[in-house]
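The primary structure of each chain is shown beneath.
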Amino acid sequence: MDMKVSVISTYQARHQKSQTQECPSGVVNEDTFKEIYSQFFPQGDSTTYAHFLFNAFDTDHNGAVSFEDFIKGLSILLRGTVQEKLNWAFNLYDINKDGYITKEEMLDIMKAIYDMMGKCTYPVLKEDAPRQHVETFFQKMDKNKDGVVTIDEFIESCQKDENIMRSMQLFENVI
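Residues numbered from 1 in each chain as written. Predicted model: local features only at pLDDT ≥ 70, side-chain atom pairs only at ≥ 80, totals over all residues. Heavy atoms only, no water.

- As recorded in an unreviewed UniProt entry, the protein goes by Kv channel-interacting protein 4 and comes from Ovis ammon polii.
- The UniProt entry for the protein carries the following text under Sequence similarities (unreviewed entry): "Belongs to the recoverin family." (UniProt positions renumbered as here; feature names shortened; annotations may be inferred.)

1. Here we look at the overall build of the protein
Part 1 of the reasoning: Broken down by element type, the protein carries 9 helices and 4 strands.
Part 2 of the reasoning: Traced from its N-terminal end to its C-terminal end, the protein shows the element sequence α-β-α-α-β-α-α-β-α-α-β-α-α.
Part 3 of the reasoning: Across the 175 residues that make up the protein, the buried fraction comes to 41%.
Part 4 of the reasoning: For the protein, the exposed surface amounts to about 10,200 Å²; the carbon and sulfur share of it is 51%. (Helix = DSSP H or I, 4+ residues; strand = E, 2+ residues; numbered from the N terminus. Buried < 20%, exposed > 50% of the residue type's maximum accessible area, 1.4 Å probe, protein only. Areas by Shrake-Rupley, 256 points an atom, 1.4 Å probe, with all protein chains shown as cover.)

2. As for helix α6 (residues 103-117)
Part 1 of the reasoning: Along its 15 residues, α6 runs 21 Å from first to last C-alpha, staying within 8% of the 21 Å computed at 1.5 Å per residue.
Part 2 of the reasoning: Along α6, the positions that sit buried rather than exposed are Glu-105, Met-106, Leu-107, Ile-109, Met-110, Ala-112, Tyr-114 and Met-116.
Part 3 of the reasoning: Count one or two residues on from α6 and you reach Gly-118, which has phi positive near 85°. (Expected span 1.5 Å × (residues − 1).)

3. A look at the UniProt feature "domain: EF-hand" (unreviewed entry) in the protein
Part 1 of the reasoning: Under the present numbering, the feature "domain: EF-hand" (unreviewed entry) in UniProt falls on residues 45-80, 81-116 and 129-164.
Part 2 of the reasoning: Between the end C-alpha atoms of residues 45-80 there is a gap of 29 Å, over a span that is 67% helix and 8% strand.

4. Overview of the pattern of salt bridges
Part 1 of the reasoning: Going through the model one piece at a time under the given rule, you end up with 6 salt bridges.
Part 2 of the reasoning: Between Lys-72 and Glu-68 there is a salt bridge whose closest N-O contact spans 3.1 Å. Separated by 4 residues within a single helix, Lys-72 and Glu-68 lie in helix α4 (residues 67-79), roughly one turn from each other.
Part 3 of the reasoning: Glu-135 is the salt-bridge partner of Lys-103, the closest N and O atoms lying 3.2 Å from each other. Linking Lys-103 in helix α6 with Glu-135 in helix α7 (residues 129-141), this pair joins segments that are 32 residues apart in sequence.
Part 4 of the reasoning: Residue classification places Glu-135 among the partly exposed positions, given a relative accessible area of 33%. (Salt bridge = Lys/Arg side-chain N within 4 Å of Asp/Glu carboxyl O.)

Next comes the structure, spelled out in structure tokens:
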């Protein structure tokens, strides 16, 4: 909860500074976004996950995220409907934006999350933990067993999962 507020504050401070000094256009590029994000995960390497997040916030794919783009994305995550939140999450996981989540895409995301968490997690994570997580994800979500997860499979599976639905409500009363 506090981390989300801190991310917004840091981004806003950087954005205000960038408007006057670093970037008169008022946008943050991917390298700056990664630098900001890394401050919240000093124990690990957040570079790859920040890349995926940046691409999710960069909805017009112009290589820059304006403060408005960032706030629109956070607004969905914090105040959006379940459908909007799930669509946003699917977009994050669908790295190549072809309308499907593949095992390779999900493995890239999982490895990025584990890298971001760092080696100092408890309990200590096994080397194959990201791959096991992907297999569990696909067993649950790939309803027709065709090796990809569609938006419909993703939303239907998420809506039936109590833990996912509970996590969707965590930040509803923040900000």
